[in-house]
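Chain residues, written in single-letter form:
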Amino acid sequence: MFGSSRNFVRDVVFVDGVRTPFGKAKGVYAETRADDLIVRVIRELLRRNPSLPPERIDEVAIAATTQIGDQGLTIGRVAAILSGLPETVPGFAIDRMCAGAVTAVTTTASSIAVGAYDVAVAGGVEHMGRHPMGEGADLNPRFVAERLVDTSALVMGSTAENLHDRYPKITKSRADAFALASQEKVAKAYANGQIQPDLVPVAARHVETGWEFVTVDEPPRPDTTQAGLAGLRTPFRPHGRVTAGNSAGLNDGATGCLLAAAEVAAELSLPAKMSLVGFAFAGVPPEVMGVGPIPSTEKALARTGLTIDDIGLFELNEAFAVQVLAFLDHFGIAEDDPRVNPYGGAIAFGHPLASSGVRLMTQLARQFAEHPEVRYGMTAMCVGLGMGATTIWANPHHAAAN
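These notes cover the structure that comes with them. (Residues numbered from 1 in each chain as written. Predicted model: local features only at pLDDT ≥ 70, side-chain atom pairs only at ≥ 80, totals over all residues. Heavy atoms only, no water.)

1. Focus: the packing of aromatic side chains
Per the counting criterion, the structure on display carries 4 aromatic pairs. Between Phe314 and Phe327 the ring centres are 6.4 Å apart and the planes differ by 70°, which places this aromatic pair in the edge-to-face class. With a gap of 13 residues between them, Phe314 in strand β10 (residues 311–316) and Phe327 in helix α10 (residues 321–330) connect regions that are remote in the sequence. This pair shows no difference in class: Phe314 is buried, exactly as Phe327 is. Chaining the aromatic ring pairs together yields one cluster made of Phe314, Phe327 and Phe331. Lying across the ring of Phe22, Arg19 places its NZ or CZ 4.5 Å from the centre. The aromatic ring of Phe281 is capped on one face by Arg96, whose charged end is 3.7 Å from the ring centroid. (Phe/Tyr/Trp six-rings, centres within 6.5 Å; stacked < 30°, edge-to-face > 60°. Helix = DSSP H or I, 4+ residues; strand = E, 2+ residues; numbered from the N terminus. Buried < 20%, exposed > 50% of the residue type's maximum accessible area, 1.4 Å probe, protein only. Lys NZ or Arg CZ within 6 Å of the ring centre and 35° of its normal.)

See below:
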C-alpha cells in the first residue's frame, strides 16, 4: 500500500468519522468552547463503536490552525483527558492550516502502518469566531522585506483573485454557478438524509437566544440564486470575482475519525469503511495557494500507480470556487461531473479550517457505501501559505476488495 513489501507494513482502515454541525463564526457556537466541540466528537466516536475498548486507543491527534486559548495547550491531550479516555492514552496537537485534520490522519495512519499504533483518533477543530486565522501570529518581516512571497499570499481571498488572473477562463459567472450548485447539492443531500447520520448534536448556549440543540449546519443558504450571487460585492479587489457567495465562510466546528490496522479492526469487530491507498502533500507559490491540490494529486497518483481516471468519487474542499474549478480544468473533469462533491461542499457547509479534511473523508466513506461500483475515491484540498493535500482511498464494498 505504501510502496513497501516489508512484512511490518500493515493496511490502514478508516473505521468511522463524525463531526459537529458547522456554525458561522460568532453564530450558534459563540459561547461554546473549541475543546468542548472536539470532546463531543470523540465521545460520539466511542458511543458509535462500543466494541472498541478505550484503552486500545494508542493516540489522539487533533489539529487546530490557531493554537491559542481553548484551542491551545496540546489540544489532542487535553481532548483525550476531557473525553474520559484512560490517562494512559496520549495525545498531541498538529497544524497544517486547512489540511490539519488531513495531516492528523496521515501521520497516525503512517504510524499504524509501521506497527507503532493499532488504533488512533484523528481530527481537527477550529473556532474562527473566537480565534480568527492568524491571531497571535508574528510573521517574520523577511517574508515581505526580502520578497519571499507576494504580499497577496497573506490574504486568502486575494490568492483566489490571483487564481482568476492565472485562469481567465474561470470567470466570475462560472464560479457563481459552481457555488450555486454546491448549495443545491447540500440541500438535496439533507433532504435525502445523507448528512445527518454523521452529525453529532451539540447543546450550545448563545447570549441572545439562550440554549439550543444544534443538529444541522448553520452556513448553508438554500435560497441562493445566480442573480443574488452576481450582485455580491468583491471585497478583495475592486471589480473582482471572489465574493462571500463563491467562497467558504468563517466557521466553527470539529471533526474526528477512528483509524485502525485492518487486522485490529477485524479483531475488535470494528467496521472498515475505507482503506487508505496513499497520500501526498505538495508546495506551490503561496500567492496562488489554490493550485496546491493539482501537484499533490499528481504526486499521490504517481506514488500509488493510479491515474485520474481510476478515481470514481472526488471530495474536493471548496475554499473558493475558482480553486476547485482550476483543479477540474487541469484534469479535464467537467464541473458538473456527478463524481465531484455529490453532497456539495464547503461553500455551503462551511470550512472550519483545520477540521475540514475529515469532513471530506466522512462524506466519501458514506458515498462508498452507496456506490459499491466505485473502487477508488479521493479527498483533496488547498492549504494556506501555498500547499496541497491529497489522500486516496479504496472502497471495501467494491468487488475487488472481497
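So that's the structure; there's more coming.
2. Details of the side chain of Asn251
Following the sequence through the fold, Asn251 ends up in strand β8 (residues 251–261). Residue classification places Asn251 among the buried positions, given a relative accessible area of 2%. One polar contact links the side chain of Asn251 to the main-chain amide nitrogen of His351, over a distance of 2.8 Å. With near-sequence residues (within four places) excluded, Asn251 lies in contact with Gly23, Lys24, Ala25, Glu126, His127, Met128, Pro219, Gly350, His351 and Pro352. (Polar contact = N/O pair within 3.5 Å; in protein donor to acceptor, adjacent residues only side chain to side chain. Contact = heavy atoms within 4.5 Å.)

Nothing here speaks to function; it is all geometry.
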